[in-house]
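# Structure at a glance
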Amino acid sequence: MPLVGELVATDDPWEPYRLVDAPGAPVEGAVAFLRDVLAAGRPATTARSYGMDLLRWFRFLWAVEVPWDRASRIEARDFSRWLQVAGQPSRPHWRRPDAVGRWAPGGKPYAPSVRTHSETVLRTFYDFHRDAGTGPVLNPFPLDRSRRGRRAHAHRNPMEPHRNERVGLYRPRLPQRVPRSVPDDEFNEIFARLPSHRDRALVAFYVSTGARASELLTAWQGGADPGRQLISVVRKGTGEVQELPASTDAFVWLRLYQLELEDVIPKGRRLPLWWTLRNPSRPLTYHAAHRMFERVNAKAGTSATLHALRHTAAYRMAEDPREDSSVSTASATRVAYRTAQILAAKGGIISDITPGDVLELLEVEAELRGTSVGATHLFYRVLHDLGVFGDRAPATLRELRSAGQRTPEELIDRYGVACRPIRDLLVDYLRERQPALDYNSLEALSYYLAKLFWSDLEQHHPGIDSLHLPTGVADAWKQRLRTVDKTVRTPDRLVEIRDNLIARIAEAEREGWLGEVEGLRVSLAGAKDKLAQVDRRPNKGAGIDLGMPTTRNEDF
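Numbering of residues starts from 1 in every chain and runs along the sequence as written. In keeping with the model being predicted, local features are shown solely for residues with a pLDDT of at least 70 and side-chain atom pairs are shown and tallied solely at 80 or more, while totals for entire chains, interfaces and linings include all residues. Side-chain descriptors were evaluated using all non-hydrogen atoms of the structure, hydrogens and water having been removed beforehand.

## Digging into the sheet that holds strand β5 (residues 241–245)
The strands that make up a sheet are held in pairs by hydrogen bonds between backbone atoms, and each pair lies either parallel or antiparallel. Formally: Paired strands are those between which DSSP finds at least two bridges. Helix numbering and strand numbering both begin at the N terminus, where a helix is a DSSP run of H or I of at least 4 residues and a strand a DSSP run of E of at least 2.
Strand order in the open sheet made by the three strands is β3-β4-β5, with antiparallel pairing throughout. Two strands close off the open sheet at either side, each with one partner strand: β3 (224–225) and β5. Both strand β4 (residues 230–234) and β5 contribute to a ladder of five bridges, which runs antiparallel. Within β5, the residue paired with V234 across the bridge is V241.

## Let's talk about the side chain of N297
As a reminder of what qualifies: What qualifies as a polar contact is a pair of N or O atoms within 3.5 Å, subject to a donor-acceptor requirement within protein and to the restriction that residues adjacent in sequence count only when both atoms come from side chains.
Positionally, N297 belongs in helix α9 (residues 286–300). Only 2.7 Å separates the side chain of N297 from the backbone oxygen of F293, close enough to count as a polar contact. From its side chain, N297 meets the backbone nitrogen of A304 in a polar contact 2.9 Å long.

## Examining the pattern of salt bridges
Quick reminder of the rule: Salt bridges are defined by distance alone: a side-chain nitrogen of Lys or Arg within 4 Å of a carboxyl oxygen of Asp or Glu. Burial classes: relative accessible area under 20% of the type maximum marks a residue as buried, over 50% as exposed, and values in between as partly exposed (1.4 Å probe, protein chains only).
Inspection of the entire model under this criterion finds 20 salt bridges. Of the charged contacts, one joins D131 and R130 as a salt bridge, the two residues approaching to 3.5 Å between their closest N and O atoms. According to the relative accessible area criterion, D131 is exposed, its value standing at 63%. Given the relative accessible area of 39%, R130 is considered partly exposed. Salt bridges here are not isolated pairs; linked through shared partners, they connect D413, R420, R423 and D424.

## Focus on the packing of helix α6 (residues 197–209) against helix α8 (residues 248–260)
Filter applied, for reference: Helix axes use the C-alpha atoms of the stretch in contact, all axes being lines fitted to C-alpha atoms, and the angles between their N-to-C directions lie in the range 0 to 180 degrees. Any angle between 65 and 115 degrees counts as roughly perpendicular, while under 35 counts as roughly parallel, over 145 as roughly antiparallel, and the rest as oblique. For any pair of crossing helices, the crossing counts as left-handed if the nearer helix is rotated counterclockwise from the farther one by less than a right angle, and right-handed if it is rotated clockwise. The criterion used for residue contact is that any of the two residues' heavy atoms lie within 4.5 Å. Just so you know the grouping, Ala, Val, Leu, Ile, Met, Phe, Trp, Tyr, Cys and Pro go in nonpolar, Asp, Glu, Lys and Arg go in charged, and all remaining residues, Gly too, go in polar.
Closest axis-to-axis distance for the α6/α8 pair is 8 Å, and the angle between their directions is 155 degrees. It follows from the interaxial angle that α6 and α8 lie roughly antiparallel. Handedness of the crossing formed by α6 with α8: left-handed. Here H197, R198, R200, A201, A204, F205 and S208 of α6 come into contact with α8, specifically with A250, F251, W253, L254, L256, Y257 and E260. Split by residue class, the contact of α6 with α8 holds nine nonpolar, two polar and three charged.

## Re a nonpolar patch on the surface
This is how the line gets drawn: Only residues whose relative accessible area exceeds 30% and that take part in no salt bridge are eligible for patches, with like-charged residues grouped when within 9 Å of each other and nonpolar side chains (Val, Leu, Ile, Met, Phe, Trp, Tyr) grouped when within 5 Å. Residue-level accessible areas treat just the shown protein chains as cover; the underlying method is Shrake-Rupley with a 1.4 Å probe.
Together, V252, L256 and L259 give the surface a local cluster of nonpolar side chains, amounting to about 230 Å² of exposed area. Within the secondary structure layout, L256 lies in helix α8.

## A short note on the confidence of the model for the protein chain
Defined as follows: One number per residue, pLDDT, summarises how confident the predictor is, and it ranges from 0 to 100.
Averaged over all residues, the pLDDT of the protein chain equals 79, while 78% of them reach at least 70. For residues 321–325, every residue scores under 50 in pLDDT, and the model assigns this stretch nine contacts once sequence neighbours within four places are set aside. Contacts for the low-pLDDT stretch residues 539–556, under 50 throughout, to residues beyond four places or in other chains number 33 contacts.

Right, here's the structure in full:
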């Protein structure tokens, strides 16, 4: 099969990659799909990855002379089988650029992960054109017949891991691979053979931050903060800047690298942090860093990769985050500080902390600072590994936050509607509106109907069971909707926290824990200041009229 067509890289930010056929004309179906991918906020690298899968599929269709919008399940089946048998193509050598590359039997087989990614991209491609009305009605790459009739994870328990319920018909099974952690002896051998301070700093940051190989290379000179032991990188998926804690050794090697090339590399807070060692100096690329690590592996007789350093960092953090040098002092301090904040606010001991307390604290931090602070997952994992949350708690913070989407029944039942006919009516209404609404809108609609409307009526008029509301009941509900009761909580909880802090200060002074005394006194001063603020608040329980327009009684 000839290697016709090409995925062309352009300088156009609106269309960074374009799929063209053998004569060089753009393939409109692929161009429209890649534009939709970019509009969804995906980076250009994702468009390139999707484009390579589409190029492989279009080359197959051009060989069998079937238009892409006429492809059926037969072509999809043959293509999936062809990927398993044909293997990767032989490409033209750089010495003979005019030679034509071809697929030949016996080539290096495609990895299962490549075939899995290809199946997912092609199924999404045809779903896009089916919804747009520009492709076949039946997707050539459908979901598995036994699971196509219902939504994936429709009845998932958030306390249990995700089951494999969204499987393509031609999707290969992926083997469960063991994370490629680098043993300590092998890592020491590799580190000893690194030829420069720059390479030592890079590897030290890789193994202490857990950042992806390409992410660490996005760091700029002003983003390295040795005082706080944080380095800023641009995340691969979101493109957002995030501060990552790093070890002290990494910043020591970084400083040695900067002193070594002080008169060579350009200076500037917004300039890249990593540069080539050969003149003229250029920003270090992923391929250059990858090649550097390959040369070191060849000298050491090992087979580690840059990505394996990311797994190594995760292993080291999981084994003992308190004693591992890869977990910086800043991260360990932040874990201890967050734990102290929860205990100061809620009292009790460490074993009383719940996953809800952790989520509440992290949400408050994100709201005050406008973004999440580092070491959030480490904070949750340390408490989980200590057995604070119990055996039924999710193992990671991401699993805790991914509760999944609720069904219309679950959305209504969370507000405890007592009248069964009204409850069933609201559920049926949500189920009818569900196809036309996104999940956030559906959740907001359930809040308005079940919480603000009917639950409020049941609270003030027990036993109500009809939507035919008397005029007085409707007017009273409208007035409650227009008015928000501003109530100030009694300072009983603050008094309890203050008394607890006083007792802990006395115990610390009695035991001679002078360092803890100072921290407790700071917390005590904050609790007293909060009590004083509560005492100064006027008009407790006063109502605030929102000035909402009145509605007609006929509306009910």
